[in-house]
Amino acid sequence: MLIGYMRVSTEEQSTQLQKDALLSYGIDSRNIFEDQISGSKDTREGLSQALDFLQTGDTLVVWKLDRLGRSLAHLISIINTLKERGISFVSLTEGMDTSTPSGELFFHIFGALAQFERSLIQQRVKAGLDSARARGKIGGRPKAIDDEKLLIIQEALSGGMSKAAVCRTFGVKRSTLIDTLKRI
């Protein structure tokens, strides 16, 4: 069975172009799922419904690759999951069909590019951190409780004050206090 998915980023945009293409491909209008949400959002109800609806032997069809994934890595993750479930994938604009040898090759090239992109990002992040360290900068999240406040809190706890009272008095969340105390 052919299942279609389409997405636009805002309510002002129309899915009509995508819908026309999916219908022309032979998809029953009852089997088309859609979202009107930014592609950067993790939770897309229409996509979740489409993925849940798909069964082994089905084909997920999109008008264009960027309608499906947030990023190349996310797109490849979705397509790998489909493949593991025995579901084919077709992108009409790019002419990609994972049920064919050339479509499978195309998909693997995309996967290699995604891995290359991740490696480049990791290298840039590492170089940036090394450069910052060389200039005396310390990366990472700032301490939730500074050293001066922590000494006062430790004295209060040693003096018998409860953790709940310390949290109220110093305006610190209980989980933050417990995590900070574990690290010392």
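Notes on the structure in this doc start here. None of these values were measured; they are calculated from a predicted model.

### Brief notes about the overall build of the chain
In step 1: Within the chain one finds seven helices and five strands.
In step 2: Mapped from its N terminus to its C terminus, the chain presents α and β elements in the order β-α-β-α-β-α-β-β-α-α-α-α.
In step 3: The C-alpha radius of gyration of the chain comes to 25 Å, more than 25% above the 16 Å expected for a compact globule of 184 residues.
In step 4: Projected onto the principal axes, the alpha-carbon positions of the chain cover approximately 75 × 40 × 35 Å.
In step 5: The proportion of buried residues among the 184 residues of the chain is 32%.
In step 6: Expressed as a percentage of contacts within the chain between residues at least 6 apart in sequence, the contacts between residues at least 24 apart total 63%.
In step 7: Carbon and sulfur atoms form 53% of the exposed surface of the chain, whose accessible area is close to 11,700 Å².

### What to know about the side chain of T98
In step 1: Turning to its location among the elements, T98 is positioned in the loop between β5 (96-97) and α4 (101-134).
In step 2: For T98, a relative accessible area of 17% gives the class buried.
In step 3: Within the local environment of T98, its side chain forms a polar contact with the backbone nitrogen of F89, the two atoms lying 2.8 Å apart.

### Some words on the layout of surface pockets
In step 1: Here the largest pocket is characterised by a volume of approximately 300 Å³.
In step 2: Lining the largest pocket are R141, P142, K143, A144, I145, D147, L150, T176, D179, T180, R183 and I184.
In step 3: Only α5 (147-158) and α7 (174-183) provide two or more residues apiece to the lining of the largest pocket.
In step 4: If you tally residues by element for the lining of the largest pocket, the top one is α7, at four residues.

What counts, and at which threshold
Residues numbered from 1 in each chain as written. Predicted model: local features only at pLDDT ≥ 70, side-chain atom pairs only at ≥ 80, totals over all residues. Heavy atoms only, no water. Helix = DSSP H or I, 4+ residues; strand = E, 2+ residues; numbered from the N terminus. Rg over C-alpha atoms; globule rule 2.2 N^0.38 Å. Buried < 20%, exposed > 50% of the residue type's maximum accessible area, 1.4 Å probe, protein only. Contact = heavy atoms within 4.5 Å. Areas by Shrake-Rupley, 256 points an atom, 1.4 Å probe, with all protein chains shown as cover. Polar contact = N/O pair within 3.5 Å; in protein donor to acceptor, adjacent residues only side chain to side chain. 1 Å grid on protein atoms, 1.4 Å probe; cavity = no way out; pocket = protein on both sides within 12 Å on 5 of 7 lines; lining within 4 Å. Points joined across faces, edges and corners; volume = space filled by probe spheres on them.

In short, shape yes, function no, at least from these values alone.
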